[in-house]
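Read off the chains here:
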Amino acid sequence: MKIDESLMLNQQSQSRQTNNDELGRDAFLQILMTQLTNQDPLDPMDDKDFIAQMATFSQLEQMTNMASDFSGFMENQSYSNFLQYSNLIGQAVNYGEFSNDGNLEEELSAVVQSVRKEGDGIIISLDNGEEISAEDVTQIGQVNADDEGDSNE
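Position numbers for residues start from 1 in each chain and track the written sequence from start to end. At least 70 in pLDDT is required for a residue's local features to be given in this predicted model, at least 80 for side-chain atom pairs to be given and counted, and no such filter applies to totals for whole chains, interfaces and linings, which use all residues. Only heavy atoms go into the side-chain values, all of them from the structure, while hydrogens and water stay out.

## Considerations on the nonpolar core
The nonpolar side chains of a soluble globular protein tend to be buried, and buried together.
Right, so step 1: To define a nonpolar core, start from buried Ala, Val, Leu, Ile, Met, Phe, Trp, Tyr and Cys residues and group those joined through side-chain atoms within 4.5 Å. In this scheme, a residue with accessible area under 20% of its type's maximum is buried, one over 50% is exposed, and one in between is partly exposed, where area comes from a 1.4 Å probe on protein chains only. Core analysis: the biggest nonpolar cluster contains 14 residues, and Tyr95, Val112, Val115, Ile124, Leu126 and Ile132 have the highest contact counts within it.
Right, so step 2: Sorting the residues of this core by element identifies β1 (92-98), β2 (104-118) and β3 (121-126) as the ones contributing at least two each.
Right, so step 3: The way it works is that DSSP assigns letters per residue, a run of H or I at least four long becomes a helix, a run of E at least two long becomes a strand, and they are numbered from the N terminus. The biggest single contributor to this core is β2, with four residues.
Right, so step 4: Discounting chain neighbours no more than four positions away, the residues touching isoleucine 124 are Leu88, Val112, Ser114, Val115, Glu130, Glu131, Ile132, Ala134 and Val137. The contact definition used throughout considers only heavy atoms, calling two residues in contact when any of these lie within 4.5 Å.

Quick look at the structure:
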């Protein structure tokens, strides 16, 4: 008699495994309900154990809600920063041009033409054709004395 290889355990799909090894709130509640449904009526779960499990579930629920709220807050904060940088449009800014090792090579000036959000960062397009990160802006609203004559051309 030959054994069908498709029936071997290593050939079976691992559909019950998930990428997340943590116990989620739905799984926790399902386990708790199963435990309550299948408990011995003559020897029910101790009140202290039940309260402890419910407290654990409550904490899990609160942590999940807090993580969700915090994620929403961070998304709103990122959008708020973008809107604040949009106020720079039409204003002169000074920005640093840095070498590969991070040293400031020179400070340049230009007028902001547009602002866009790219991933988690803010990119500023300048009238001189350059695009810089908002983090590179060192001064707003004033042009360097060296560049004043160039900006009137």
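## Some details on the side chain of serine 109
Right, so step 1: For serine 109, the location among the structural elements is in strand β2.
Right, so step 2: Taking the relative accessible area as the measure of exposure, serine 109 reaches 16% and is therefore buried.
Right, so step 3: One polar contact links serine 109 to asparagine 94, side chain to side chain, over a distance of 2.5 Å. Whenever two N or O atoms come within 3.5 Å, that pair is a polar contact, provided that in protein one can donate a hydrogen and the other can accept it, and provided that, for residues adjacent in sequence, both atoms are side-chain atoms.

## Looking at the environment of leucine 36
Right, so step 1: Inspection of the secondary structure assignment puts leucine 36 in helix α1 (residues 25-37).
Right, so step 2: Exposure remark for leucine 36: the relative accessible area of 24% places this residue in the partly exposed category.
Right, so step 3: The sequence separation of leucine 36 and phenylalanine 50 amounts to 14 residues, and the corresponding C-alpha distance is 9.1 Å.

## What to know about the confidence of the model for the chain
Right, so step 1: When pLDDT is averaged across the chain, the result is 75; 75% of the residues are at 70 or more.
Right, so step 2: The predictor reports its confidence for every residue as pLDDT, a score running from 0 up to 100. Confidence over residues 14-19 falls short of pLDDT 50; this stretch has zero contacts with residues more than four positions distant or in other chains.

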